[in-house]
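# Chains, contacts and geometry: an overview
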Amino acid sequence: YGLIGEVFANTSRVVRITDPSVVVGGGLLDTEATVGVVEGGHGPVVRMAFVAQDTDVELNDVVVTSGVDPQVPAGIVIGLVNVIEEDPNAPFLTFFVEPLAQLERTRIVGVVLPPL
């Protein structure tokens with residue numbers, strides 16, 4: 001998973017989901033709500049922040065795009081929850097998500113266009 005970073009005459013540069021510049025709304029598979037904000041810049045994983053404390057999340061839950069961003073459709077798989085940080089005194093949970101795509105070995109990507 002990534003976002004178009006630059007567009008050229010015949011090609012585009014894709015920025016990986018793990019890049020620090022990437023921020024996208026995320027949710028859990030089979031939920032329609034935006035659960036939190038997925039952010040790159042945390043090594044080989046991404047961080048999902050601003051998740052309400054009462055969110056029902058478990059290790060290995062699937063995280064998808066939520067569709068809150070107009071340029072990113074809902075339901076694109078980002079990865080699996082692999083660490084959940086809970087602080088009972090904080091209003092939010094934070095968890096880390098391991099991307100399912102083999103980002104270091106990807107050379108060709110497909111582009112998902114929004115419906116017309």
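On to the nonpolar core, then. If you look at the biggest cluster of nonpolar residues, it comprises 18 residues, and the most contacted ones within it are Ile17, Val38, Met48, Val63, Ile78, Phe95 and Val97. Listed by contribution, the elements that provide at least two residues to this core are strand 3 (23-28), strand 5 (45-52), strand 7 (77-85) and strand 8 (92-99). Each residue touching Val38, except ones within four places of it in the same chain, is listed here: Ile17, Val22, Val23, Val24, Gly26, Val46, Arg47, Met48, Val63 and Ile78.

With that settled, the discussion passes to the pattern of salt bridges. Per the counting criterion, the structure on display carries 1 salt bridge. A salt bridge links Arg47 to Glu39; the shortest N-O distance between them is 2.5 Å. The exposure class of Arg47 is partly exposed, given its relative accessible area of 26%.

Once that is clear, we can look at the sheet that holds strand 4 (residues 36-42). What the 6 strands build is a closed barrel, ordered 3-4-5-8-7-6; its pairing is antiparallel. Adjacent strand axes in the sheet meet at a mean angle of 45 degrees when their direction is disregarded. The pairing of strand 6 (residues 62-65) with strand 7 spans 3 bridges and is classified as antiparallel. The partner of Val62 across the bridge, within strand 7, is Leu80.

In this section: unusual backbone geometry. Its identity is not glycine, yet Asp30 carries a phi of approximately 70 degrees, on the positive side. With respect to the secondary-structure elements, Asp30 resides in the loop between strand 3 and strand 4. The residue Phe50 is not glycine, and still its phi comes out positive at about 60 degrees. Residue position: Phe50 is located in strand 5.

All right, on to a nonpolar patch on the surface then. Judged by side-chain polarity, Ile4, Val7 and Val14 come together as a nonpolar surface patch covering roughly 260 Å² of accessible area. Residue placement: Ile4 occurs in strand 1 (residues 2-7). Judged by its relative accessible area of 44%, Ile4 is partly exposed.

A few words now on the pairing of strand 4. Taken together, the 4 bridges between strand 3 and strand 4 define a ladder with antiparallel strand orientation. Note that in strand 4 the partner of Val23 across the bridge is Glu39. Counted along the chain from strand 4 to the antiparallel partner strand 5, the turn is 2 residues long, and its residue Gly43 has a positive phi close to 70 degrees.

Turning our eyes to something else, we now look at the side chain of Glu39. Within the secondary structure, Glu39 is located in strand 4. Of the polar contacts made by the side chain of Glu39, one reaches the side chain of Arg47; its length is 2.5 Å. Aside from chain neighbours lying at most four places away, what touches Glu39 is Val22, Val23, Val46, Arg47 and Ala49.

Reading guide: rules and limits
- Residues numbered from 1 in each chain as written.
- Predicted model: local features only at pLDDT ≥ 70, side-chain atom pairs only at ≥ 80, totals over all residues.
- Heavy atoms only, no water.
- Core = buried A, V, L, I, M, F, W, Y, C linked by side-chain atoms within 4.5 Å.
- Buried < 20%, exposed > 50% of the residue type's maximum accessible area, 1.4 Å probe, protein only.
- Helix = DSSP H or I, 4+ residues; strand = E, 2+ residues; numbered from the N terminus.
- Contact = heavy atoms within 4.5 Å.
- Salt bridge = Lys/Arg side-chain N within 4 Å of Asp/Glu carboxyl O.
- Pairing = 2+ DSSP bridges.
- Axes fitted to C-alpha atoms, helices over the stretch in contact; angles between N-to-C directions.
- Patch = residues over 30% accessible without salt bridge, like charges linked within 9 Å, V, L, I, M, F, W, Y side chains within 5 Å.
- Areas by Shrake-Rupley, 256 points an atom, 1.4 Å probe, with all protein chains shown as cover.
- Polar contact = N/O pair within 3.5 Å; in protein donor to acceptor, adjacent residues only side chain to side chain.

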